[in-house]
Amino acid sequence: MSFAFSTIRELRKQLLAKEVHPTELIESLLDQISSVDPKVKAYIHLHPERALEAAKKADISLPLGGVPIAVKDLISVRGEPCTCASRILEGYIAPYDATVIERLRSAGAILLGRTNMDEFAMGSSTENSAWGMTHNPWDLSRVPGGSSGGSAAAVAAHEAIAALGSDTGGSIRQPAAFCGCVGLKPTYGRVSRYGLTAFASSLDQIGPLTKTVADAALLLESIAGADPRDNTCDPEPAPSFSAKLGEEIRGMTLGIPKEYFVSGIDPEVEAATKQAISHLEGLGATLREISLPHTAYSVASYYLVATAEASANLARFDGMRYGRRAKDCDDLLETYGRTREEGFGREVKRRILLGTYALSCGYYDAYYLRAQKVRMRIRQDFLAAFRHCQAIVTPTSPTPAFRLGERAEDPLQMYLADIFTIAVNLAGLCAISLPCGFTQSGLPIGLQIIGPMRQEETILQVGHAYEQSTDWHTLRPSLS
Amino acid sequence: MTYEAVIGLEVHVQLKTETKLFCGCRNEFGAEPNSHLCPVCLGLPGALPVPNEEAVIQTILTGLMLGSTIPPRAKFDRKNYFYPDMPKNYQISQYDQPLCLGGGVTLPVLSFPKDAQKEAQALANKKVRLVRIHLEEDVGKSFHLESCSGIDFNRAGTPLMEIVTEADLTTPEEAFALLTTLREILRYGKVSDVDMEKGQLRCDVNISVRLAGTEAFGTKREIKNLNSISAVRRSLKHEIQSQIELVSSGGAVVQQTLRWDDARGETIPMRTKEQAHDYRYFPDPDLLPIYTEGRLREEAARRVPELPEEKKSRLAETYGLSEYQASVLASGPPLADYFEQAARSSRNPVAVANLTLNDYLALRQDSPEPVSVPPEYLGELADLVSDGRLNSRQGREVLAILIQTPRPPKEIARERGLAQISDTQALEAFCREAISASPKSVADYKAGKAAAINALKGFVMKKTRGQANPQRIHELLELLLREP
Ligand SMILES: [Zn+2]
């Protein structure tokens, strides 16, 4: 039988009981990958030999001992490419491990391969990859979401037991919703960003994509916690994120923001979300309507802050020290210009230009500074709301997965795919997306549970309670 | 019509820290190219900066030494521009919330160039105000090889402090004095060696000219990247001259950035592309704001040393030294400390100062190896001389031996048979012998040729192998020659 369809927790039991050897596990996954990845295209690099080698030596006694994990292609792994799905990093081999990779290694996890993404995490569909698009396992003609689309698709198609992604404006949660798996964006500062190629430094967080809420808690436990190499990392030690799993949610108040149920939301998504909310009420939670009045400005604020930071973060890719350099240039300026022209994709260029403009002399106050002020308001909205509830429940995305190519020429429509997830990053909160139903045509729908800063245990508790009383997470894509 | 110059300086100083500003690589000059590198200072994807607290403390310390205000909150910003020796294509610097604000530097006479110390500008005791002091990362160094260019990133990410003055300076000599004074203070605070050869002090200067007595500023030009104090003086002299010539002949100064060619002694305009920059500063999201109150400030305050000017007046007052002696002794804390230790073990600090400045420094400079004499021996030696037990020539002789092999000076004098004969009876016998042996000199002296006494003195010195106390011989001879 194949072990590919198991969760981390199931596998850990089996590994400890010696019912399976890590090598068999890797082989199962490699079989699954070779049968479905030609259709899904979730991975961009695979290291079967290295994974099998590591499996032989795996220490099962460790928390993730023997468990293979897939990693989004923008996290640094010593000795491996880290292309960020960009041509400009062609040929670059990372000489160091990101903090999360060090932690995965010391937790006993096995690194199996690197997953596809939107170039430099800029996108919501994984169509902006220099290495080709990833397909949604539930409908191969649709996008898996993005930017961590490869990680979400790999988990959904059971080509990975679990994966790491990164979330700047919804890049873990939205693809998790599109692919019908669980995706958690931790509180800003909860997980070290050291080794995560920066898109927007004040918004980026690494987080898990898994098959169940309990697995997300387990994976987060292994990667979270203080790191002296990241100045913005929370110095508090990470708690046990699994501690509240299984505790009932009776008596808990859940906030339902009225601004998140407005026109433009897909009726099937709206219906499924509302049903999920009633289900939570049925589990004993009290519902309370709340208001997040600055929601409408979050996309505008986000696209100024994120692009401004990106314009500086991506300046280092100039072909001088590593990566791809344009050939036959006459002088320095031409080398810079052509290297970046040839190396970056359209969306990345669009955002660099937008960010450069927002920071330019004479525009800084009107754009960047104003966006930061809006960001403060958004943060205050949430602080006020959390005085009346312990968590906030919303749809993850206004629509289910859209068709490949459908929004490629319409960046604004693409940006609106993140409308429900962006505010969480702007406010530095934590949030989880988990499956809460399917459309008539069989596309997954995601439910987002947002928690206050450092309250991952709470959203995991709510998510777990929902998941354990429903069976959406047990369904598998047919991949035909 | 007379014109005056208006000059402001931006002084970049490399800090003396063990490691770079944002990573653990060593901050060391002269290492094998590209040997002090890591993902952070090479700007690899995913690497993050973490501030070096020592550099922050040294910057605050500099601010405290220069009378700046230390705001409670400072932050780092990104300064964006593309340059091959800058790995991230932005420099982490401080824009609108630097570590230090304001402050000032008073220019002492002796900080002016020697040839200008008697001028009014040097005697004015002028105070130059500072705008700010901030901390930033340095960039790498480009080398142009035969067929290609190379970059050494060892310097990339090392801590650089920028001290910005108000446009309070009016002459090249004042600029020279400011830099000399700053250099002394920075060395006192142990924040930098300020070694020009190693590029530890680099300076940008802004210059404009206007009619003397008017208020409005003229259009300024900037000379970038001057790497010695004397080059600052020379380039300013040249630039002021050329601006005055331009303006007085009816021309107008155009805002420009220049480079100084020291060999040719002229300024050269930089290409316009290198001049027009919109740096798009914004707060670095990788770095938390720095809160200076509490530990950082306290540590900096604890390290504030006695400053050069304070030390000079204290030395002059405590030990009764001349202003010149005090200044030279206070030119560096090690010398001043040495002097004070020696002075404490002596009864005559002025004699210690003389011995130190006239003999010890010269002997030490001539020695090929670094040498030192224990300060208590120097104090003892000064006493032997000032008590008249050794004359000054003998003192020098003992010192020369002392530098080779440190031993108590009395011991050396005894072994060498060096002792000044001051005993009146013994000396009187020699003097009488001299008088009876040189009747001609005696006759000359009595005839009114006072200088004839020198021949008699020479006779005594010869007889005593130079050990007689010359002062006493003189007195004795005068007395004996007056005898009827
Ligand atoms: Zn380094």
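Along each chain, residues carry numbers from 1 onward, in the same order as the chain's sequence is written. Following the order in which they are written, the chains are lettered starting with A and the ligands numbered starting with 1. Reporting of local features is limited, given that this is a predicted model, to residues whose pLDDT is at least 70; pairs of side-chain atoms are given and counted only at 80 or more, and all residues count toward the totals for whole chains, interfaces and linings. Processing note: side-chain calculations cover all non-hydrogen atoms of the structure and skip hydrogens and water entirely.

Examining the packing of helix 10 (residues 349-366) of chain B against helix 11 (residues 375-386) of chain B
Residue and element names in this part refer to chain B.
Link 1 in the chain: Where helix 10 contacts helix 11, the axes come no closer than 9 Å and their chain directions differ by 105°. Here helix 11 runs roughly perpendicular to helix 10, going by the angle between their axes. From helix 10, Ala351, Val352, Leu355, Thr356 and Tyr360 reach across to helix 11, where they touch Leu378, Gly379, Leu381, Ala382 and Ser386. Structural elements are reduced to axes, namely lines fitted to C-alpha atoms, with helices fitted over the stretch in contact, and the angle between N-to-C directions of any two is expressed from 0 to 180 degrees. A run of H or I in DSSP counts as a helix once it spans at least four residues, and a run of E counts as a strand once it spans at least two, with each numbered from the N terminus. The scheme is simple: roughly parallel for angles under 35 degrees, roughly antiparallel for over 145, roughly perpendicular for 65 to 115, oblique for anything else. Whether two residues are in contact is decided by their heavy atoms, any of which lying within 4.5 Å being enough.

Digging into helix 5 (residues 149-156) of chain A
Residues and elements named next belong to chain A.
Link 1 in the chain: The buried fraction of helix 5 is high, at 8 of 8 residues.
Link 2 in the chain: Under the scheme applied here, a residue whose accessible area is under 20% of the maximum for its type counts as buried, over 50% as exposed, and between as partly exposed, the area being computed with a 1.4 Å probe on protein chains only. When we look at burial in helix 5, the residues that qualify are Gly149, Gly150, Ser151, Ala152, Ala153, Ala154, Val155 and Ala156.
Link 3 in the chain: Once helix 5 finishes, His158 follows within two positions and takes phi at roughly 55°, a positive value.

Observations regarding unusual backbone geometry
Residue and element names in this part refer to chain A.
Link 1 in the chain: With an omega of 10°, the peptide bond between Gly146 and Ser147 qualifies as cis.
Link 2 in the chain: Residue Lys18 is not a glycine yet carries a positive backbone phi of 60°.
Link 3 in the chain: Structurally, Lys18 is set in the loop between helix 1 (8-16) and helix 2 (22-40).
Link 4 in the chain: Since its relative accessible area comes to 72%, Lys18 is described here as exposed.
Link 5 in the chain: You will see that Cys84, though not glycine, has its phi angle at about 55°, which is positive.
Link 6 in the chain: Relative to the helices and strands, Cys84 resides in the loop between strand 2 (68-72) and helix 4 (99-106).

Comments concerning the coordination of the zinc ion
Residues and elements named next belong to chain B.
Link 1 in the chain: Donor selection uses N, O and S atoms within 2.8 Å of the metal (3.2 Å for Na, K and Ca). Since no water is included, sites may look incomplete. Note on the zinc ion: its protein donors are Cys23 (SG), Cys25 (SG), Cys38 (SG) and Cys41 (SG). The metal-donor distances range over 2.3 to 2.4 Å.
Link 2 in the chain: For the zinc ion, the 4 donor atoms are set out with angles of 101 to 114° between them, so the coordination reads as tetrahedral.
Link 3 in the chain: Of note, the zinc ion draws all its donor residues from one chain, in the sequence arrangement C-x1-C-x12-C-x2-C. Here Cys41 lies in the loop between strand 1 (3-14) and helix 1 (53-65) and Cys23 lies in the loop between strand 1 and helix 1, a separation of 18 residues in the sequence.
Link 4 in the chain: By relative accessible area, Cys41 is classed as buried at 7%. For four-coordinate sites, all angles between 85 and 135 degrees define a tetrahedron; for four- and six-coordinate sites, opposite donors beyond 155 degrees with the remaining angles between 65 and 115 define square planar and octahedral shapes respectively, and all other cases count as irregular.

Some thoughts on the sheet that holds strand 3 (residues 77-80) of chain B
Residues and elements named next belong to chain B.
Link 1 in the chain: One bridge is not enough; two strands pair if DSSP finds at least two bridges between them. On the basis of which strands lie adjacent, the open sheet formed by 3 strands has the order 4-3-15 and antiparallel pairing. Both edges of this open sheet fall to strand 4 (90-93) and strand 15 (282-283), since each of them pairs with a single strand only.
Link 2 in the chain: Bridge analysis of strand 3 against strand 4 gives 4 bridges, and the strand direction is antiparallel. By the bridge assignment for strand 4, Asn80 is matched with Tyr90.

Thoughts on the side chain of B:Asp261
Residue and element names in this part refer to chain B.
Link 1 in the chain: The topology assignment puts Asp261 in strand 13 (residues 256-261).
Link 2 in the chain: In the analysis that follows, any N or O atom pair within 3.5 Å is treated as a polar contact, provided that within protein one partner can donate a hydrogen and the other can accept it, and provided that, for residues neighboring in sequence, both atoms belong to side chains. Of note is the side chain of Asp261, whose polar atom sits 3.1 Å from the backbone nitrogen of Arg264.
Link 3 in the chain: Dropping the residues within four chain positions of it, Asp261 is found in contact with Glu266 and Ile268.

Quick look at the interface of chain B and chain A
Link 1 in the chain: With 33 residues of chain B in contact, the opposing surface of chain A contributes 37 residues.
Link 2 in the chain: Once two parts are brought into contact, the accessible area they lose, counted with a 1.4 Å probe and summed over both, makes up the buried area. Carbon and sulfur atoms supply 60% of the area buried between chain B and chain A, which totals about 2800 Å² over both sides.
Link 3 in the chain: Salt bridges are defined by distance alone: a side-chain nitrogen of Lys or Arg within 4 Å of a carboxyl oxygen of Asp or Glu. Where chain B packs against chain A, one counts 1 salt bridge.
Link 4 in the chain: In this structure, the salt-bridge partner of A:Arg193 is B:Asp286, at a minimum N-O distance of 3.0 Å.
Link 5 in the chain: Our count for the contact surface shared by chain B and chain A stands at 17 residue pairs in polar contact (both at pLDDT 80 or more).
Link 6 in the chain: Breaking the side of chain B that touches chain A down by element, the ones donating at least two residues are strand 3 and strand 15 of chain B.

Here's the deal with a nonpolar patch on the surface
Residue and element names in this part refer to chain A.
Link 1 in the chain: Taken together, the side chains of Tyr357, Tyr363 and Tyr367 present a nonpolar region at the surface, about 280 Å² in accessible area.
Link 2 in the chain: With respect to the helices and strands, the residue Tyr367 is situated in helix 12 (residues 365-385).
Link 3 in the chain: The class for Tyr367 is partly exposed, based on a relative accessible area of 30%. By definition, no residue in a patch forms a salt bridge, and every one has over 30% relative accessible area; like charges are joined within 9 Å, nonpolar side chains (Val, Leu, Ile, Met, Phe, Trp, Tyr) within 5 Å. Computed with the Shrake-Rupley method and a 1.4 Å probe, the accessible areas treat only the protein chains shown as cover for residues.

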